[in-house]
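Here is how the chains run, residue by residue.
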Amino acid sequence: MEIEVILMIASFLCGAFGMALAKKAKEKVYDGTPLTNQAYDLISELDVVSKHTVKYVKYASITNAGYIANEIEIEIYEGEEKKTSNYDISYLQASNLVVHKREITITANSLEEYYDGTTMTNNSYTISAPGIAPNQREVVKISGGQKNVGSSDNIVVSVEIYDADDNDVYDNYIVHTEKGTFTIMARPITLISDMALKVYDGIALENHTAMVSPSEGMGLAPNQTITYSFTGTQTSVGTSLNFFTAKMWADGLETTSNYDITYKEGELTVTPRLIVLISSDADKIYDGYELIKHEAVVSEEQGLGLAPNQTITYNFTGTQTDAGSSLNEFTAQMWAGTEETTSNYEIVYKKGTLRVDKRLIRITTESESKVYDGWELYLPEPMLVVEGDYLPLAPNQSIFVLETTSIINVARVTNETIVSIVDKDLIDRTENYIIEYQYGTLEITIRSITITTGSAEKEYDATPLTSDIYTWNKGPDYGLADGKYGQFIDLKTNGTITYKGTTENTVEYCIIYDADTEVTDNY
């Protein structure tokens, strides 16, 4: 920057050219080069003769910051001939040459990175405008560093400035410093624990393996190691996460706090254990008591059986009393000591059969025969025959006769009967039996009776002689039966005689009744 300062001083000298020179001022910011100003103003009334020229023989110069008076000295020539003596030259001290200090700011650069296990340093910096003067150099020392997650200052500790001849020119500057910042961010890392799957066996399922994800996060810092601690476990049927934690190490020192850890847990899955349980079969002949069979086994051919060191208990509900069949129903519980583990099994029940066969019995009826006597012939009590395959009745059961066969008139019939089997509470249990019948016969034979018509005699009197009198024989198996309701004979004779002589007293008809019922055919 040039500043012209003109002092209005007039001078007029007689006998020589009068000349007054006003020297110009000049200033600038330090740039390492000299500052001069040879300019001046001629402020007298007379100017230099036109054929004369002005030459500087002395002028002021300043390079470093500061100021000096702008002193100059001139000579006046005509060609090569000096003419200065013909001039009366006055020099007016009017201004200075000023070099201002060069003001700069040196800022240590900042740096932000993810943790990598090394110490972060940065010796770079920036210099604000106008910067270092041309052909000069600065020597800047910076101190600072950051290794673990966090922030710290990057500080400019010293500044030196030299010119091209290695002269220290620092004093020509106003130097400001600004610190930078080191920032280390937690290193993102994703850790994945492995999954595991097995069938329930009563033993805790664990998987102590994990890995650093190759596709997520930044992985481990170079030359560092990792250790895992697993807490995930699954014993019963179900799924849980394979929980774990990790620690990072560098040369025996833990560096875990420098990581931003994302845990991705695998799944620990225990599936139900297939077990096949088989209840036993049982059978018997009906005896009125329930058939049970409290026996079951674990199949050795199907399923996986019991888990090691576990036990099993059964609860049987299958029962069969009447003839027929049903399943030998049951349930089971599994135990590990006193702890029930049933829910960890997929139980397949294969149920045996409880079968009650019908009881074979034989019912017989006897045979009976008699001469007709007007009374019914029947045998009300059938007999149970126990022999060979034929069994007695089940305990506490009895025969109840439903129907019997009876005859009252002369005939021969099968002595059929129908029975039911009842228990002590008179509940019919017949369906539980196979009843074979062996029948006898009932027979009523003709009863003989001899009826004798009465005889009569008289002297001839010219009127018919008749007689309605008759008699019959009587015994245990002959003659007129007493009958159930009282039997009687309705008989009419037709014998007659009028004239002297003899004739049979014949029977016109003879009917035998038992009350109102004719029973003649039984005689």
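Up top you'll find the structure we're talking about.
What comes next is a walk through the structure. (Residues numbered from 1 in each chain as written. Predicted model: local features only at pLDDT ≥ 70, side-chain atom pairs only at ≥ 80, totals over all residues. Heavy atoms only, no water.)

1. What to know about the overall build of the protein
Each helix and strand counted, the protein has zero helices and 52 strands in total. Relative to the compact-globule value of 24 Å for 523 residues, the protein shows a C-alpha radius of gyration of 75 Å, a clear excess of over 25%. Each of the three principal axes of the protein carries a C-alpha extent, and together these read 255 × 55 × 35 Å. Long-range contacts, defined as pairs at least 24 residues apart, comprise 63% of the intrachain contacts of the protein with a sequence gap of at least 6. Entry remark: accessible area of the protein is about 29,800 Å², with carbon and sulfur atoms responsible for 49%. Of the side chains in the protein, 38 bear a positive and 77 a negative charge, and the two mean positions are spaced by 8 Å. (Helix = DSSP H or I, 4+ residues; strand = E, 2+ residues; numbered from the N terminus. Rg over C-alpha atoms; globule rule 2.2 N^0.38 Å. Contact = heavy atoms within 4.5 Å. Areas by Shrake-Rupley, 256 points an atom, 1.4 Å probe, with all protein chains shown as cover. Lys, Arg positive; Asp, Glu negative; His and termini not counted. Charge placed at Lys NZ, Arg CZ, Asp CG, Glu CD.)

2. Some remarks on the nonpolar core
Counting residues in hydrophobic clusters, the biggest one holds 19 residues, and the most contacted among them are Ile104, Ile106, Val156, Val159, Ile161, Tyr173 and Val175. Of all the elements in the fold, those that place two or more residues in this core are strand E12 (96-100), strand E13 (102-108), strand E16 (137-143), strand E17 (150-162) and strand E18 (173-178). When residues no more than four places from it in sequence are discounted, the contact partners of Tyr173 are Tyr30, Lys101, Arg102, Ile104, Gly131, Ile132, Ala133, Gln136 and Ile161. (Core = buried A, V, L, I, M, F, W, Y, C linked by side-chain atoms within 4.5 Å. Buried < 20%, exposed > 50% of the residue type's maximum accessible area, 1.4 Å probe, protein only.)

3. So, the layout of surface pockets
Considered as a void within the structure, the largest pocket measures approximately 380 Å³ in volume. Surrounding the largest pocket, 22 residues form its lining, Ala456, Glu457, Leu465, Ile497 and Gly501 being those nearest its centre. Looking at the lining of the largest pocket residue by residue, the class counts come to five nonpolar, 12 polar and five charged. There is about 240 Å³ of room inside the second largest pocket. Taken together, 16 residues make up the lining of the second largest pocket; nearest its centre are Tyr115, Gly117, Lys147, Gln224 and Ala250. (1 Å grid on protein atoms, 1.4 Å probe; cavity = no way out; pocket = protein on both sides within 12 Å on 5 of 7 lines; lining within 4 Å. Points joined across faces, edges and corners; volume = space filled by probe spheres on them. Nonpolar A, V, L, I, M, F, W, Y, C, P; charged D, E, K, R; others polar.)

4. Thoughts on the sheet that holds strand E14 (residues 111-114)
In space, the four strands of this open sheet follow the order E14-E19-E17-E16, with mixed pairing throughout. Whereas interior strands pair on both sides, the edge strands pair on one side only; in this sheet they are E14 and E16. Between one strand and the next, the sheet's axes are offset by a mean angle of 20 degrees, whatever the strand orientation. Bridge count between E16 and E17: seven bridges; the pairing is antiparallel. Its bridge partner being in E17, Arg137 is matched across the sheet by Tyr162. (Pairing = 2+ DSSP bridges. Axes fitted to C-alpha atoms, helices over the stretch in contact; angles between N-to-C directions.)

5. A short note on the environment of Glu73
Tracing the chain through its elements places Glu73 in strand E9 (residues 72-78). Given the relative accessible area of 34%, Glu73 is considered partly exposed. As for Glu73 and Glu504, which are separated by 431 residues in sequence, their C-alpha atoms are 223 Å apart.

6. Describing the sheet that holds strand E44 (residues 411-414)
Within a sheet, each strand pairs with its neighbour through backbone hydrogen bonds, oriented either parallel or antiparallel. Across the sheet, three strands lie side by side as E39-E47-E44; this open sheet has mixed pairing. Single-partner strands in this sheet number two, and they are strand E39 (368-371) and E44. Averaged over all pairs of adjacent strands, the angle between their axes in this sheet comes to 5 degrees, without regard to strand direction.

7. Considering the pattern of salt bridges
With the rule as written, the count across this model stands at 21 salt bridges. A single salt-bridge network, built from bridges that share partners, covers Asp283, Arg355 and Asp357. (Salt bridge = Lys/Arg side-chain N within 4 Å of Asp/Glu carboxyl O.)

8. Regarding the pairing of strand E25 (residues 244-250)
A regular strand places its side chains so that they alternate between the two faces of the sheet. Relative to E25, strand E23 (residues 225-230) is paired through six bridges, and the arrangement is antiparallel. Across the sheet, Thr225 pairs through a bridge with Trp249, a residue of E25. The pairing of E25 with strand E26 (residues 253-254) spans two bridges and is classified as antiparallel. Looking at the pairing, Ala250 lines up with Leu253 of E26.

9. Quick look at the packing of aromatic side chains
Following the criterion strictly, the structure yields 17 aromatic pairs and no others. Where Tyr228 meets Phe230, the ring centres are 6.0 Å apart and the plane angle is 45 degrees; that geometry is what we call tilted. Overall, the relative accessible area of 26% leaves Tyr228 in the partly exposed class. Look at Phe230 and you get buried, because its relative accessible area is 16%. In textbook terms, an aromatic cluster arises when at least three aromatic residues are bridged by ring pairs, as seen for Tyr228, Phe230, Phe244 and Tyr263. (Phe/Tyr/Trp six-rings, centres within 6.5 Å; stacked < 30°, edge-to-face > 60°.)

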